[in-house]
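# Geometric and topological summary
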Amino acid sequence: AQSVTQLGSHVSVSEGALVLLRCNYSSSVPPYLFWYVQYPNQGLQLLLKYTSAATLVKGINGFEAEFKKSETSFHLTKPSAHMSDAAEYFCAVSPAGNNRKLIWGLGTSLAVNP
Amino acid sequence: DAGITQSPRHKVTETGTPVTLRCHQTENHRYMYWYRQDPGHGLRLIHYSYGVKDTDKGEVSDGYSVSRSKTEDFLLTLESATSSQTSVYFCAISEAQGPGDNQPQHFGDGTRLSIL
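Residues numbered from 1 in each chain as written. Chains lettered and ligands numbered in written order. Predicted model: local features only at pLDDT ≥ 70, side-chain atom pairs only at ≥ 80, totals over all residues. Heavy atoms only, no water.

### A word on the overall build of chain B
Counting secondary structure elements, chain B contains zero helices and eleven strands. Reading chain B from its N end, one meets helices and strands in the order β-β-β-β-β-β-β-β-β-β-β. Scaling as 2.2 N^0.38, a compact globule of 116 residues should have a C-alpha radius of gyration of about 13 Å, and chain B matches this with 13 Å. Across its three principal axes, chain B shows a C-alpha extent of roughly 40 × 30 × 25 Å. Within chain B, the fraction of its 116 residues that count as buried is 50%. Here the contacts in chain B between residues at least 6 apart in sequence split such that 57% fall between residues at least 24 apart. Within the structure as shown, chain B displays about 5,300 Å² of accessible surface, and the carbon and sulfur contribution to it stands at 45%. Treating the 11 positive side-chain charges of chain B as one cloud and the 14 negative ones as another, the clouds have centres 4 Å apart. (Helix = DSSP H or I, 4+ residues; strand = E, 2+ residues; numbered from the N terminus. Rg over C-alpha atoms; globule rule 2.2 N^0.38 Å. Buried < 20%, exposed > 50% of the residue type's maximum accessible area, 1.4 Å probe, protein only. Contact = heavy atoms within 4.5 Å. Areas by Shrake-Rupley, 256 points an atom, 1.4 Å probe, with all protein chains shown as cover. Lys, Arg positive; Asp, Glu negative; His and termini not counted. Charge placed at Lys NZ, Arg CZ, Asp CG, Glu CD.)

### Concerning the environment of Ser 84 of chain A
All names here are of chain A. By the secondary structure assignment, Ser 84 is in the loop between strand S9 (73-78) and strand S10 (87-94). Here Ser 84 falls in the partly exposed class, since its relative accessible area comes to 45%. Separated by 27 residues in sequence, Ser 84 and Ala 111 have C-alpha atoms that sit 9.6 Å apart. Here His 82 takes part through its side chain, which lies 2.9 Å from a polar atom of the side chain of Ser 84. (Polar contact = N/O pair within 3.5 Å; in protein donor to acceptor, adjacent residues only side chain to side chain.)

### A few points about the state of the cysteines
The term disulfide refers to a covalent linkage connecting the sulfur atoms of a pair of cysteines. Residue and element names in this part refer to chain A. One pass over the structure, following the stated rule, counts two disulfides over all chains. What pairs with Cys 23 in a disulfide is Cys 91, and their sulfur atoms sit 1.9 Å apart. Given an S-S torsion of about -65°, the disulfide between Cys 23 and Cys 91 has left-handed geometry. Taken together, the positions of Cys 23 in the loop between strand S3 (19-21) and strand S4 (24-26) and Cys 91 in strand S10 put the pair 68 residues apart, joining distant regions of the chain. Each member of the pair Cys 23 and Cys 91 is classed as buried. (Disulfide = S-S within 2.5 Å.)

### Observations concerning the interface of chain A and chain B
Listed as interface residues are 22 residues of chain A and, on the opposing side, 28 residues of chain B. Between chain A and chain B, roughly 2,000 Å² of surface is buried when both sides are summed, and carbon and sulfur atoms account for 51% of that area. Our count for the chain A to chain B interface comes out at zero salt bridges. Counting every contact that joins chain A to chain B gives four residue pairs in polar contact (both at pLDDT 80 or more). At the level of secondary structure, the elements contributing two or more residues to the side of chain A that touches chain B comprise strand S5 (32-38), strand S6 (44-50) and S10 of chain A. In terms of residue count, S5 of chain A provides more of the side of chain A that touches chain B than any other element does, four residues in total. Across the side of chain A that touches chain B, the residue classes tally to eleven nonpolar, eight polar and three charged. (Buried area = accessible area lost by both parts, 1.4 Å probe. Salt bridge = Lys/Arg side-chain N within 4 Å of Asp/Glu carboxyl O. Nonpolar A, V, L, I, M, F, W, Y, C, P; charged D, E, K, R; others polar.)

### Quick word on the pattern of salt bridges
By the definition in use, this model includes six salt bridges over all chains. The residue Lys 78 of chain A makes a salt bridge to Asp 85 of chain A at a minimum N-O spacing of 2.9 Å. Each of the two residues, Lys 78 of chain A as well as Asp 85 of chain A, counts as buried. Ionic pairing is found between Arg 36 of chain B and Asp 38 of chain B, a salt bridge with its closest N-O pair at 2.8 Å. Using a relative accessible area of 8% as the deciding quantity, one classes Arg 36 of chain B as buried. Residue classification places Asp 38 of chain B among the buried positions, given a relative accessible area of 11%. One salt-bridge network, in which partners are shared between bridges, spans Arg 22, Lys 70 and Asp 73 of chain B.

Everything listed here is a matter of coordinates, which is why it stays silent on function.
This is how it looks when you write it as structure tokens:
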């Protein structure tokens, strides 16, 4: 069965530091990949998506992610953290050819310290 | 932002009572989803719909039923609520046109349901 693993349920960085949130997936066929962000008491908002057009994907709020097939990874990065980036981040996988169900990671809570 | 409205936003009810949550969209999207979110479990799919009167079960469908009589509305019903169904419920929609169209999902703001 396909799965998504987000390494680190909690990540803490200082304001201005690099943000790196890890996502690994298991799939025999390169899937479609998504990162979502959830602010407190809100729904999930799409940050970016990988659909095989380019391995480096740029999203909203200065985030980007790189698809690495050899490592089955889709890590999310931001060069300089801002206090407003504090939120829960979810990685999700949509198996190629089957969009009916997304496979979700358990999420990573990002704290940004002043 | 996708036009998704969930109602009610908050509800407190008692064990054994029926509860219906509503998801309304203004995007005319074909696919709609119901999730629950619980600490330590992330998002879990309850049911989804791929068209009017076309629905299917997700991974945690026991104790829940859904209906979709119109494109814009997707209802989630707890026939006899239990305390284990206390959760935050999210509706999502997707503009995918078919099984091979991997479009992202867009989420509503959620319903916080407490069952005492």
